[in-house]
Amino acid sequence: MGIDTSINTTRATRETLLDASIQTGKSQCWIIIFLMKQMMKNHQKLGRANRGVERQEVDENEDWKALHICVCPRDHDLFMDMKKFFKRTVSLLVAMAVGELLEGLVRRILARKFDAYTDNYSFNNYFIILQPLDGALCWKIFWGKPIDSSLLSPP
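The rules behind these values
- Residues numbered from 1 in each chain as written.
- Predicted model: local features only at pLDDT ≥ 70, side-chain atom pairs only at ≥ 80, totals over all residues.
- Heavy atoms only, no water.
- Helix = DSSP H or I, 4+ residues; strand = E, 2+ residues; numbered from the N terminus.
- Buried < 20%, exposed > 50% of the residue type's maximum accessible area, 1.4 Å probe, protein only.
- Contact = heavy atoms within 4.5 Å.
- Areas by Shrake-Rupley, 256 points an atom, 1.4 Å probe, with all protein chains shown as cover.
- Lys, Arg positive; Asp, Glu negative; His and termini not counted.
- Charge placed at Lys NZ, Arg CZ, Asp CG, Glu CD.
- Bend = angle between axes of the 7 residues up to and from the residue.

A short note on the overall build of the protein
Right, on to step 1. When its secondary structure is counted, the protein shows five helices and four strands.
Right, on to step 2. Within the protein, buried positions represent 36% of all 155 residues.
Right, on to step 3. Contacts in the protein between residues at least 24 apart in sequence constitute 71% of all its contacts with a sequence separation of at least 6.
Right, on to step 4. About 9700 Å² of surface is accessible on the protein, with carbon and sulfur atoms providing 52% of the total.
Right, on to step 5. In the protein, 21 positive and 18 negative side-chain charges are present, and the distance between their average locations comes to 4 Å.

Observations concerning helix α5 (residues 90-110)
Right, on to step 1. Along α5, the largest kink reaches about 55 degrees and is centred on L101.
Right, on to step 2. Of all the positions in α5, only V90, S91, L92, L93, V94, M96, A97, V98, L102, L105, V106 and I109 are classed as buried.
Right, on to step 3. Residues of α5 that are buried in the fold lie against β1 (3-9), α1 (11-24), α2 (28-39), α3 (43-46) and α4 (73-86).
Right, on to step 4. Just beyond α5, the residue with positive phi is R112, at close to 60 degrees.

Everything listed here is a matter of coordinates, which is why it stays silent on function.
This is the structure we're talking about:
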């Protein structure tokens with residue numbers, strides 16, 4: 001069962017996604033999900049703290065519209081975590097991914113140098129564990145399965 005949601009996009013982003021979808025035969029939703037997972041490879045560069053959530057710059061002359069997508073619950077959780085830890089809206093992260101990664105993805109798919117399984121992001125498992133610590137509630141979030149699986153056990 002998927003989660004229906006939407007992202008705020010410019011005409012340029014929508015047209016770029018549509019062109020990529022037509023060229024590759026992949027749905028726009030599939031492309032967005034794949035690009036967001038690829039963004040996780042930049043997690044060290046994207047991580048930010050102690051600030052508000054950054055949004056896309058508003059240009060009153062731009063044609064902004066909601067783009068509806070459907071994602072599985074795990075991917076939705078990943079997107080919400082990305083928003084929380086990278087301090088950027090999901091819409092901004094998608095716009096960044098389209099600008100930074102989409103051209104390379106389309107090129108790989110068209111050159112048949114792409115395998116959705118092996119080229120996918122390395123975080124195939126998602127775990128969240130509540131771990132109370134000295135009266136505080138602490139959450140451990142795992143994007144991917146740690147080599148030492150004992151880390152997944154509550155103390």
